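Observations on the three-dimensional arrangement
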Amino acid sequence: MTLTQETPARATPRMPAPQHASLIVKGADRTGIVAAVGSVLSRHGANIVSLDQYSDDPRGGAFFQRTVFSLDHIKAELPSIEEDLTRRLAKDFGLEFTLRDLSVPQRAAIFASKSDHCLLDLLWRHRNGQLPVTISMVISNHPDTEEEVRSFNIPFFHVPSSGPDKSAAEAEHLRLLTGNVDFIVLARYMQILSGEFIARTGVPIINIHHSFLPAFIGAGPYAKAKERGVKLIGATAHYVTEDLDEGPIIEQDVVRVTHADTTGDLQRRGADVERAVLFRAVQWHSQDRVIRNGNHTIVFA
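Reading the values: rules and limits
Residues numbered from 1 in each chain as written. Predicted model: local features only at pLDDT ≥ 70, side-chain atom pairs only at ≥ 80, totals over all residues. Heavy atoms only, no water. Helix = DSSP H or I, 4+ residues; strand = E, 2+ residues; numbered from the N terminus. Rg over C-alpha atoms; globule rule 2.2 N^0.38 Å. Contact = heavy atoms within 4.5 Å. Areas by Shrake-Rupley, 256 points an atom, 1.4 Å probe, with all protein chains shown as cover. Lys, Arg positive; Asp, Glu negative; His and termini not counted. Charge placed at Lys NZ, Arg CZ, Asp CG, Glu CD. Buried < 20%, exposed > 50% of the residue type's maximum accessible area, 1.4 Å probe, protein only. Phe/Tyr/Trp six-rings, centres within 6.5 Å; stacked < 30°, edge-to-face > 60°. Lys NZ or Arg CZ within 6 Å of the ring centre and 35° of its normal. pLDDT = per-residue confidence, 0-100. Core = buried A, V, L, I, M, F, W, Y, C linked by side-chain atoms within 4.5 Å. 1 Å grid on protein atoms, 1.4 Å probe; cavity = no way out; pocket = protein on both sides within 12 Å on 5 of 7 lines; lining within 4 Å. Points joined across faces, edges and corners; volume = space filled by probe spheres on them. Nonpolar A, V, L, I, M, F, W, Y, C, P; charged D, E, K, R; others polar.

To continue, consider the overall build of the protein chain. What the protein chain contains, in helices and strands, is eight helices and 13 strands. Computed over its C-alpha atoms, the radius of gyration of the protein chain comes to 21 Å, within 12% of the 19 Å expected for a compact globule of 301 residues. Based on the C-alpha atoms only, the size of the protein chain along its principal axes is roughly 60 × 50 × 35 Å. Long-range pairs, those at least 24 residues apart, make up 66% of the contacts in the protein chain with a sequence separation of at least 6. Summing over all exposed atoms, the protein chain offers an accessible surface of approximately 14600 Å²; the carbon and sulfur share of this is 50%. Taking the average place of the 32 positive charges on the side chains of the protein chain and the average place of its 36 negative ones, the gap between the two points comes to 3 Å.

Our focus in this paragraph is the environment of Met-190. Inspection of the secondary structure puts Met-190 in the loop between strand S8 (183–187) and helix H6 (195–201). Looking at Met-190, the relative accessible area reads 53%, which means it is exposed. The spacing of Met-190 and Ser-115 is 75 residues in sequence and 8.9 Å in space, taken between C-alpha atoms.

Next up on the list: the packing of aromatic side chains. This structure, assessed with the given rule, holds three aromatic pairs. Seen in terms of ring centroids, Tyr-54 and Phe-64 are 6.3 Å apart; in terms of plane orientation they differ by 15°. Their pairing is stacked. Of this pair, Tyr-54 sits in strand S2 (residues 47–55) while Phe-64 is found in strand S3 (residues 62–70), placing the two residues ten residues apart along the sequence. Considering the side-chain rings of Phe-111 and Tyr-189, the 5.2 Å spacing of their centres and the 85° angle between planes classify their relative orientation as edge-to-face. Placement of Phe-111 in strand S5 (residues 106–112) and of Tyr-189 in the loop between S8 and H6 is noted, with a sequence separation of 78 residues between them. The same class applies to Phe-111 and to Tyr-189, which are both buried. Cluster of aromatic residues (ring-pair linked, three or more members): Phe-111, Tyr-189 and Phe-197. One cation-aromatic arrangement involves Arg-125 over Phe-279; the distance from NZ or CZ to the ring centre is 4.0 Å.

Another aspect to go through is the confidence of the model for the protein chain. Summary statistics for the protein chain give a mean pLDDT of 91 and a share of 93% for residues scoring 70 or more. For the stretch residues 1–17, pLDDT sits under 50, and the model shows 34 contacts to residues farther than four places along the chain or on other chains.

Turning our eyes to something else, we now look at the nonpolar core. Counting 33 residues, the largest nonpolar core has Ile-110, Leu-123 and Leu-278 as its most contacted members. Contributing elements (two or more residues each) for this core: S5, helix H3 (117–127), strand S6 (133–140), S8, strand S9 (205–210), strand S10 (232–239) and helix H8 (263–286). Considering each element in turn, this core owes the most residues, seven residues, to H8. For Leu-123, the residues in contact, after removing those within four places along its chain, are Ile-110, Ile-135, Val-138, Val-149, Phe-152 and Ile-154.

Glancing now at empty space enclosed by the protein. A water-sized probe rolled over the atoms picks out the places where empty space is left. A full pass over the atoms with the stated rule returns two cavities of 30 Å³ or more. The space that makes up the second largest cavity amounts to roughly 30 Å³. What lines the second largest cavity is simply Ser-161, Lys-166, Ala-169, Glu-170, His-173, Tyr-189, Gln-191, Ile-192 and Leu-193. Each residue belonging to the lining of the second largest cavity can be placed in one class, and the counts come to four nonpolar, three polar and two charged.

What the second largest pocket holds in volume is close to 450 Å³. Along its surface, the second largest pocket is lined by 18 residues, and Ile-24, Thr-98, Asp-288, Val-290 and Ile-291 are the ones closest to its centre. Those elements that provide at least two residues to the lining of the second largest pocket are strand S1 (20–28), strand S4 (96–101) and strand S12 (290–293). Per-element accounting of the lining of the second largest pocket gives the leading share, five residues, to S4. Its residues placed into classes, the lining of the second largest pocket shows eight nonpolar, four polar and six charged.

And the structure:
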């Protein structure tokens, strides 16, 4: 499905070199995996630009590898490389792999509510070429940020969502998203997504929240934190699962605060760390630097 609404032209981010591709490999560790990857790429004349790997146990543990390589006419060559990798890695080693042309940016949808600090930070970084994605749309349950979003030449959709029954809103979300995005970013979107919606999107969803959970659940977490005299505040970016705020963690950070900081100070410093953590998580995901393994991640940052 494609968007049928007339939308403004989108800003074009600066992308990696057009002849680069990423290869992600994971599975049971055994001797010869790195050599097998290198031999396949070498046969096709590819030059390895970077290679990161990790094994949680070299004697039969889990193995993970991210390789970026360059090759002239890479779009035409990728199908034959994929065929060779399937034969060598999947059949001979029993490994899973994904291969992606890095000149084709992943398409992201951003969900937001009234709080705009994470949303506007991502849009600014996208416009300045720091975020190698195509932002297909912004969806919000409030209209407050529409004018600012459209100033970045990004399509904005207001989809109200309130009350316990979110089925109508989620149906509209799916209509807008299906076929148009490769992942979703919840930029302080203050609505709980249903398990059915998460499953039907079929794409990764990245969320950001303050790191007080579960100590200060509910409204006014910074006021509660001030009352308790916290000395650290932070943020966590993670993939969304049906278990609320318990998905695989991508990135975290903290800042130190003191007794002299007011509740407003805590909120401002919390917003700063949320922006930074969410940006890094989205950037790393868009560059294929994050590999999910059960309920945790391997991040080649």
